[in-house]
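So the chains spell out like this:
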Amino acid sequence: MKILKISLGVGVALMAGTAMASEQRMADGRAVYETTCKICHETGIAGAPQTRNAADWEGRSSLWESVLFEHANKGYLAMPAKGGDEDASDYDVEAAAEYMLTITHPELLAD
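Residues numbered from 1 in each chain as written. Predicted model: local features only at pLDDT ≥ 70, side-chain atom pairs only at ≥ 80, totals over all residues. Heavy atoms only, no water.

With respect to the side chain of threonine 36
The criterion, for reference: Helix and strand labels come from DSSP, where a helix needs a run of H or I of at least four residues and a strand needs a run of E of at least two; each type is numbered from the N terminus. Residue exposure (1.4 Å probe, protein chains only): buried if accessible area is under 20% of the type maximum, exposed if over 50%, otherwise partly exposed.
Inspection of the secondary structure puts threonine 36 in helix H1 (residues 2-41). Relative accessible area serves as the criterion here: at 15%, threonine 36 is assigned to the buried category.

Below, the structure written as structure tokens:
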């Protein structure tokens, strides 16, 4: 019984840690979005799909994060790699992309 209690405690701690990490990732993503991505994705410049406008994202890959991360890091159509911020880390770019998906499609689960 003692092992079960320890296992449950560890599981709850891991879940809490994951939730905190997820909240931090969303905060990090929002910060990058605000400084780099929003310039185009709030206005739709050069055909950029607008955040918070689900219709702009229709017909895009159902593999959401994996494809979006690749496009965000390497560039896609008129979007330059890393949104034009060559100093951005993969983490920064992917956190920003995840943030954009979350605010545009809050009903979808992450990959």
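Examining the layout of surface pockets
What counts is decided by this rule: The pocket and cavity definitions rest on a 1 Å grid over protein atoms only: a 1.4 Å probe that fits but cannot leave marks a cavity, an open set with protein on both sides within 12 Å along at least five of seven lines marks a pocket, and residues lining either have an atom within 4 Å of a point. Grid points are joined across faces, edges and corners, and a volume is the space filled by probe spheres set on the points. By the convention adopted, Pro, Cys, Tyr, Trp, Phe, Met, Ile, Leu, Val and Ala count as nonpolar, Lys, Arg, Asp and Glu as charged, and the other residues, Gly among them, as polar.
The computed volume of the largest pocket comes to approximately 660 Å³. As for the largest pocket, its lining consists of 32 residues, of which His41, Pro49, Leu68, Tyr76 and Met79 are closest to the centre. Secondary-structure elements contributing two or more residues to the lining of the largest pocket are H1, helix H2 (64-74) and helix H3 (90-104). The element contributing the most residues to the lining of the largest pocket is H1, with 6 residues. Residue composition of the lining of the largest pocket, by class: 23 nonpolar, 6 polar and 3 charged.

Considering the pattern of salt bridges
To keep things clear, this is the line we draw: Just to be clear on terms, a salt bridge is a Lys or Arg side-chain nitrogen sitting within 4 Å of an Asp or Glu carboxyl oxygen.
If you walk through the whole model with that rule in mind, you get 5 salt bridges. Note that glutamate 98 is salt-bridged to arginine 25, the shortest N-O span being 2.5 Å. Of this pair, glutamate 98 sits in helix H3 while arginine 25 sits in helix H1; the two residues are 73 residues apart in sequence, bridging distant segments of the chain. Residue arginine 25 is classed as buried on the basis of its relative accessible area of 17%. The shortest N-O distance in the salt bridge between arginine 52 and glutamate 42 comes to 3.1 Å. With arginine 52 in the loop between H1 and H2 and glutamate 42 in the loop between H1 and H2, the pair connects residues that are 10 residues apart, well separated along the chain. With a relative accessible area of 33%, glutamate 42 lands in the partly exposed category. Counted as one network, the salt bridges with shared partners bring together Arg30, Glu34 and Lys38.

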